[in-house]
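# Breakdown of the fold
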Amino acid sequence: MPSVVQWYISTPEGEKPAQGPVLRASVPMNRTAHSDAPDPYPVTYAAYFGGISAALSRDGFSLIRKGLEKRLGERVSPERIHRVRIVAEKHGPFYHPARVETLVDGRAVSFVMNVALSEAGKRLVGRECDLLRTLCRGCGRGFLPQVVDRSETVIPVGGGKRVRVPMFLAEWLDGFHEFHLCEGPSGPPPRIRVWDPSSPHLFLTRGQCVSLYREAAKVLTYFYNPLTFEQIFPWHHASGDFVIRVHNGGLELRLVTVRQFASMVGDPDGSPETQGEAALFFLLNMSMRMRLDRLDGTGPTVWSGDEAVGAAMGGFFDGLHLRVLEEAGGSGLVKALHACMVQTEEQGWLERGRALLDACHPLAPDLPVLRSHLEAHTRALYRAIPVRCPVQ
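Note that the coordinates shown come from a computational prediction; the quantities given were computed from them, not determined experimentally.

Moving on, we come to the pattern of salt bridges. Under the definition given, this model contains 25 salt bridges. One salt bridge connects arginine 80 with aspartate 105, and the closest N-O pair in it is separated by 2.7 Å. Note that arginine 80 is positioned in the loop between helix H2 (45-72) and strand E3 (81-88) and aspartate 105 in the loop between strand E4 (98-104) and strand E5 (107-115), a separation of 25 residues in sequence. Between arginine 371 and aspartate 358 there is a salt bridge whose closest N-O contact spans 3.2 Å. Of this pair, arginine 371 sits in helix H9 (residues 367-383) while aspartate 358 sits in helix H8 (residues 346-358); the two residues are 13 residues apart in sequence, bridging distant segments of the chain. Given the relative accessible area of 41%, arginine 371 is considered partly exposed. Three or more residues are tied together by salt bridges with common partners; here these are Glu15, Arg85, Glu89, Arg99 and Glu101.

This is the structure in structure tokens:
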């Protein structure tokens, strides 16, 4: 059992030990490391790391041992854990995730501790933990990280106060990284760059971008329920909700968060017409938001090229096909959905797109970009509809 838990901070220049003045500094409460609004209470790195360490080391590192036993398929005693390193990775509006590296019998195994410091994160953490567990139980395809368990601790904050901090431990996806639209080496338009510290100038090719968008659409559609209309939403590329691993020119993609899983279009009545209409709205919303990002992850909202449209359409049917493979008799429903898409005129797609955006919060930061591209997007989406249903 480790006598000391080591603390580090991930930086663009690599990991640095968290010590001295760093521990007295406040943890940034957002991705840009600064905010116009003051923090409701300052949380120092010392309190942040101390809280995680307390949760992990409780009862002979029982939380880590539970994760290791899931991964290794065998009992793990405290004595077999030789090292624990906690690496603060990034800062978001909901969580401040830390990579938890363990060394067991000479084998390195990593997890992620999603720490909810903000009030928004505290409201979300329990629901997300339960949603990930539920969706992972019904999916053996590894699209989502496996949850180990939730925990909680109390940490000191400014003014002599102490606050409750909930968190949950989950699978760390080794070799996977965020990606964002960035200014390319030859100037605009922006290109997708993978945030891999070992390869800081890794830009995806056009073909890889198509694969990325198609995979993301496949995952989202796989979890879309065409009968109940439940879906994973909201999600956003700017939040780093998807991560990828590039290997030998190919790529793997995972979705790392599920903030909500519910219907966006009301209650189903079981009619084919309602199911078709709900599917049209799902595809419209998913394909538009597939094209949104923030420049370099935190800059102004940007819009990707038309290659994302055909990729989203292909991924939509890929995801439906996976559902058909798992649910006997499902191909009839997919064919009915395809028929509904084919029968909808281009103007009908545009009208539905306008209705979709009219339902958004009027101050949503992405809304002006979505409105400015809506007509061209629905035209491209309409033209991308396959003549024959790809799922037979």
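Structure's up, so let's keep going.
Attention now moves to the environment of glycine 332. Relative to the helices and strands, glycine 332 resides in helix H7 (residues 331-343). Under the relative-accessibility criterion, glycine 332 is labelled partly exposed at 40%.

Turning our attention to the sheet that holds strand E6 (residues 147-156). Pairing within the open sheet is mixed, and its seven strands lie in the order E2-E1-E3-E4-E5-E7-E6. Both edges of this open sheet fall to strand E2 (14-17) and E6, since each of them pairs with a single strand only. Looking at each pair of strands side by side, their axes are set apart by 30 degrees on average, direction ignored. Relative to E2, strand E1 (residues 5-11) runs antiparallel, the two sharing four bridges. Looking across to E2, one finds that threonine 11 is bridged to glycine 14. Where H2 meets the sheet, its contacts fall on E1, E3, E4, E5, E6 and strand E7 (162-171), and the angle it forms with E6 comes to roughly 160 degrees.

With that settled, consider the nonpolar core. Among the nonpolar cores identified, the biggest contains 84 residues, and Leu212, Tyr213, Leu220, Phe223, Met286, Phe317 and Met341 are the most heavily contacted of them. Counting residues per element, this core draws most heavily on helix H6 (residues 307-326), which supplies 10 residues. Setting aside residues no more than four positions away along its own chain, leucine 212 makes contact with Phe179, Ile192, Leu204, Ile244, Leu251 and Leu253. Within the second largest apolar cluster, 40 residues are counted, among which are Ala18, Leu68, Leu117 and Val163.

With that settled, consider helix H5 (residues 272-289). Here H5 contains 18 residues, and its C-alpha end-to-end distance of 26 Å stays within 8% of the 26 Å for a straight helix at 1.5 Å per residue. Counted residue by residue, H5 has 14 buried out of 18 residues, so it is predominantly covered.

What counts and how
- Each chain carries its own residue numbering, running from 1 in the written order of its sequence.
- Given that this is a predicted model, residues contribute local features only at a pLDDT of at least 70 and side-chain atom pairs are listed and counted only at 80 or more, while totals for whole chains, interfaces and linings are drawn from all residues.
- Side-chain measures were taken over the full set of non-hydrogen atoms in the model, leaving aside hydrogen atoms and water.
- Salt bridges are defined as contacts in which a side-chain nitrogen from Lys or Arg sits within 4 Å of a carboxyl oxygen from Asp or Glu.
- Strands here mean DSSP runs of E at least two residues long; helices mean DSSP runs of H or I at least four residues long; both are numbered from the N terminus.
- Exposure is judged per residue with a 1.4 Å probe applied to protein chains only, and the accessible area is read against the type maximum: over 50% gives exposed, under 20% gives buried, and values in between give partly exposed.
- Only strands joined by at least two bridges in the DSSP assignment are considered to pair.
- Angular values range over 0 to 180 degrees, each being the angle between N-to-C directions of two axes fitted as lines to C-alpha atoms, with helices fitted over their stretch in contact.
- Every residue pair with non-hydrogen atoms within 4.5 Å of one another is taken to be in contact.
- Residues grouped as a nonpolar core are buried Ala, Val, Leu, Ile, Met, Phe, Trp, Tyr and Cys residues, joined through side-chain atoms within 4.5 Å.
- Helix span, as expected, comes to 1.5 Å for every residue beyond the first.

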